[in-house]
Amino acid sequence: MKRWIIRLLLVVAIILLSIFLYTIGKQHTLLIDNKTVAIAEKEYTQQEIMNVYLDGGEKIEIKAKKRKSVDVVGPNHKIVVEILDGDKNIIRTEEFTFNLKTGDAKMIVNVPALLGGAKEWITADE
Amino acid sequence: MMNNSLNQNSAVSRFFINNAVPLLFVVFSAIAIPLAGLSPEYLVQEMIIRLGRYSFLVLSLLIPVIAGMGLNFGIVLGAMAGQIGLIFITDWGIVGLPAFFLAIIISAPLAIFLGWMAGIALNHAKGREMVTSYILGFFINGVYQLVVLYGMGIVIPITYNKLVLPRGYGVRNAIDLKNILGCVDNLIPLEIAGIKIPVATFILVAILCIFIVWFRKTKLGQDMRAVGQDMEVAANAGINVERTRILSIVISTFLASIGQIIFLQNIGTMNTYNSHEQIGMFSIAALLVGGASVAKASIKNAFFGIVLFHLMFVVAPRAGKTLMGEAQIGEYFRVFASYAIIAIALALHAWRKNKEKERARMEFRTNAESPSKGA
Amino acid sequence: MMEKIRDFIDAAGWPRLIIGLFLLSLFIAAPFVEVNLWTSLSDVIVRFGMWGILVLAMVPMVQGGCGLNFGLPLGIIAGLLGAVTSVEFQLTGLAGFLCAVAFAIPVAVFLGWGYGLLLNRVKGSEMTIALYVGFSSVAFMSMMWLLLPYKSQDMIWAYGGKGLRTTISVENYWYHSLNDLFTIQIGEHFYFPTGMILFFAIMCLLVWAFFHTKTGTAMTAAGSNPEYARASGVNVDKMRIISVILSTVLGAVGIIVYEQSFGFIQLYLGPFWMAFPAVAGILLGGASVHKATMVNVIVGTFLFQGILAMTPSVINNIIQTDMSETIRIIVSNGLILYALTRTITIKSAKVKK
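Residues numbered from 1 in each chain as written. Chains lettered and ligands numbered in written order. Predicted model: local features only at pLDDT ≥ 70, side-chain atom pairs only at ≥ 80, totals over all residues. Heavy atoms only, no water.

Moving on, we get to the interface of chain B and chain A. Taken together, the contact pairs 8 residues of chain B with 10 residues of chain A. Contact between chain B and chain A buries roughly 780 Å² in total, counting both sides, with carbon and sulfur atoms accounting for 76%. In terms of surface lost to chain A, no three residues of chain B exceed Val-95, Pro-98 and Ile-105 of chain B, which account for 50% of the buried area on that side. One can count 3 residue pairs in polar contact (both at pLDDT 80 or more) joining chain B with chain A. Classifying every residue of the side of chain B that touches chain A by side-chain character gives 7 nonpolar, 1 polar and no charged. (Contact = heavy atoms within 4.5 Å. Buried area = accessible area lost by both parts, 1.4 Å probe. Polar contact = N/O pair within 3.5 Å; in protein donor to acceptor, adjacent residues only side chain to side chain. Nonpolar A, V, L, I, M, F, W, Y, C, P; charged D, E, K, R; others polar.)

Where interface size is quoted, it is often the accessible area lost as the parts come together. On the side of chain C, 41 residues touch chain B, which itself brings 38 residues to the contact. Around 3700 Å² of area is buried between chain B and chain C when both sides are counted, 75% of it from carbon and sulfur atoms. Among the residues of chain B in contact with chain C, Arg-128, Ile-135 and Tyr-332 of chain B are the three that bury the most area, contributing 18% of the side total. Counting only elements with at least two residues in the side of chain B that touches chain C, the list comes to helix 7 (129-151) and helix 14 (327-374) of chain B. In terms of residue count, helix 14 of chain B provides more of the side of chain B that touches chain C than any other element does, 15 residues in total. Of the residues assigned to the side of chain B that touches chain C, the class counts are 29 nonpolar, 6 polar and 3 charged. (Helix = DSSP H or I, 4+ residues; strand = E, 2+ residues; numbered from the N terminus.)

What follows deals with the pattern of salt bridges. The tally for this structure, following the rule as stated, stands at 10 salt bridges over all chains. Glu-242 of chain B is the salt-bridge partner of Lys-126 of chain B, the closest N and O atoms lying 2.7 Å from each other. With Lys-126 of chain B in the loop between helix 6 (96-123) and helix 7 and Glu-242 of chain B in helix 11 (residues 241-267), the pair connects residues that are 116 residues apart, well separated along the chain. Taking the relative accessible area as the measure of exposure, Glu-242 of chain B reaches 36% and is therefore partly exposed. Salt-bridge contacts for Glu-126 of chain C lead to Arg-240 of chain C; the nearest nitrogen and oxygen are separated by 2.9 Å. Placement of Glu-126 of chain C in helix 7 (residues 126-147) and of Arg-240 of chain C in helix 11 (residues 236-262) is noted, with a sequence separation of 114 residues between them. Residues Glu-126 of chain C and Arg-240 of chain C agree in their burial class; the two are buried. (Salt bridge = Lys/Arg side-chain N within 4 Å of Asp/Glu carboxyl O. Buried < 20%, exposed > 50% of the residue type's maximum accessible area, 1.4 Å probe, protein only.)

Another aspect to go through is helix 12 (residues 279-289) of chain B. The element helix 12 of chain B is largely enclosed, with a buried count of 11 among its 11 residues. Two residues or fewer past helix 12 of chain B, Gly-291 of chain B is found with a positive phi of approximately 100 degrees.

Here we take up the packing of helix 5 (residues 72-88) of chain C against helix 11 of chain C. All names here are of chain C. The N-to-C vectors of helix 5 and helix 11 enclose an angle of 55 degrees; their axes lie 7 Å apart at closest approach. In terms of orientation, helix 5 and helix 11 fall into the oblique class. Our pair here, helix 5 against helix 11, has a crossing hand that is right-handed. Every residue of helix 11 that contacts helix 5 at Leu-72, Leu-74, Gly-75, Ile-76, Ala-78, Gly-79, Leu-80 and Ala-83 is listed here: Ser-247, Thr-248, Gly-251, Ala-252, Ile-255, Ile-256 and Glu-259. The class makeup of the residues in the contact of helix 5 with helix 11 is 9 nonpolar, 5 polar and 1 charged. (Axes fitted to C-alpha atoms, helices over the stretch in contact; angles between N-to-C directions. Parallel < 35°, antiparallel > 145°, perpendicular 65-115°, else oblique. Left-handed = near helix turned anticlockwise from the far one by under 90°.)

Before going further, it helps to examine the state of the cysteines. Residue and element names in this part refer to chain B. Here the structure, examined in full by the defined rule, presents 0 disulfides over all chains. A disulfide-free cysteine, Cys-183 has its sulfur positioned 20 Å from the sulfur of Cys-209, the nearest such atom. With relative accessibility at 13%, the residue Cys-183 sits in the buried group. In this structure Cys-209 comes out as buried when scored by relative accessible area, which is 14%. (Disulfide = S-S within 2.5 Å.)

What follows covers the side chain of Glu-126 of chain C. All names here are of chain C. For Glu-126, a relative accessible area of 10% translates into the label buried. At 2.9 Å, the side chain of Glu-126 forms a polar contact with the side chain of Arg-240. Not counting residues within four places of it along the chain, the set of residues in contact with Glu-126 comprises Gly-65, Cys-66, Leu-119 and Arg-240.

Residue and element names in this part refer to chain A. Spatially, 4 strands are ordered 5-4-7-8 in an open sheet, and the strand pairing comes out antiparallel. Both edges of this open sheet fall to strand 5 (60-63) and strand 8 (90-99), since each of them pairs with a single strand only. Neighbouring strand axes in the sheet, compared pairwise and without regard to direction, differ in orientation by 25 degrees on average. Relative to strand 7 (residues 76-84), strand 4 (residues 49-54) is paired through 6 bridges, and the arrangement is antiparallel. (Pairing = 2+ DSSP bridges.)

This is how it looks when you write it as structure tokens:
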């Protein structure tokens, strides 16, 4: 009897471990947009030029109306946005943290919406 | 007086016979390395990489040898299980170290199941285990093809388009494993004198070595030793011979699935239908080159053998080119050497076994005679 | 009546019956899935002729107690040398075929003799070692094919390359020289290669007759009970060597027959796997590791080649996909596996009787 309980616990432990590994190992593709977008009758304007850093990674420069793609792994992320002026000086910097679910394989991040505080700044890519 | 000199002669000749295969390879390497003209740094780096790549697989051969099952060509089954695990984690988009471990977890049930079936088949073919496991490898390869080339995409859902063939079902021939490339090798980077060393991989190998040493001392390990030496005696001692034999194959197959995943994370590309095919032959050849035999194999044999065998592997084509002007000869020589090694090692082992049987028979006869002679 | 049926089932064994019925069902299904029955039958008969002698080559060694000849590639290599030499000398037609055989036989005897000496030293592990002797020799010859001094334009690499080509066509030499002897052609679809089948029959007769001579019976004795044979004055080791030589020679002849029907000489790694269909053939025919008869050869080759030919074409047409390669792997290896794991049960059943 005891042996079966131990075996059952072991199996449960392995299943939990698998779920854990799946979650922290899942790769998500983020499509980062610097585009004007209208959400719920409010419009969020694109910036002229911005730098985006994902989880302290490499600098991603996105000019107006452009989209760049970046891969991230796991559920928890930090995005840092540096808004630049025409001479590439940093006007202001903003930091956001967000979570991804394992089903979110491909997501569109609209930075203007994010900066403007809209709730739907990140949506799934159909 | 005569006994002493006889003993000395036989001790020396026994050393040469017992270690004929490794010695052959050392001699070959001594000749071929200068011919090949490759730098020592290159060779050392190559050997370290290959040790990291193959050690786990070769070590997974040891336990069946203890149990008297001979050389387990069935590790190919474990390799296939490992590959199926990798197909899934690639499909699900998992990367890095979590992907590595998840692949192992997914492959495990499949590897254990295949190992169990192989064990049952081998129990039905006692005395012919090696040929049977060899053919079993081919048979399961056919089933693997059926599942992966025809079943995946239709019966088994695959969502990641890049994995699937243009015709809509079946997995592609080559899968880019950049999701796990080097995830273990490069985990703890270390470089000595310009030579990269995959520390984490070697740690995994070390853990396996410790496991094998510990396993030999457990009851199951001792049971396997007993079964390996004499099945009847073991059965009389109350050991479940059939189950012990099956367990040895199950463990070996499971270890091989891990070994194949380690192998592939080093190489970075999976040839869906080929990567596993030569694994059995290469691993067994390496073990034999290291001085192991069908009845006796140790961890030393594994490491020593990998270095010698792969030295030949890397050096032969270049040496062939220098000697004969054609690298192709060197490549065929490579194939020839791999198989000839196995043939020679097996032949020597069989010859030695027969000689011992004869010696035992002679002793029995002289012992039977001498009582009457003494009287 | 029931007694006779039961005896037949016991003698034939369930595996063979099941496979035979399966093959029959494939033949019956063929027309329904748009596979031409007559072409299929022709196909099976041609394959039967191609492989027959190679399967026959298994018999001497099994009877002699050396186990299944996984080292058949050694004999095949002798045959390849004979074939290539015959083409080198520009020999055509039936004469070309016979000369290829004549060239091959001395080589086969020599190779078989050495192989036999080796096997005598490793009694008890013959099959595994045979396997690797076969592989190593194919690899070794692969090096040789690059170096041997053959000059025929039809055989060496074009553009001044060195060494022989991988595949050499015998179309201008002795292609179908046996097949086309006394062919029977019925309609557009049925083609019976009388010459080849006749040759196979003659070889079977010769082997059968050999085993009824003094040497042949001595060999069988040496194989079934070495101790008893030795006590009766039979030189067991010599018998074993002769059995190996015979097997190797038959292998050499067999591959030349195969090539004249197939149309190509396959060098380098061509012969690598060729022992397996031969082993599968004889095991399927009911032979064991210790005993093989002519009936085993004929029935086994027919069943095995029949399944290999029919299963892919019928199944491919049923599910509209080309799975032939995969099916062939599963079927042939499955059969060998089955035979390898069954043999013990059959033997003990016989002993019990």
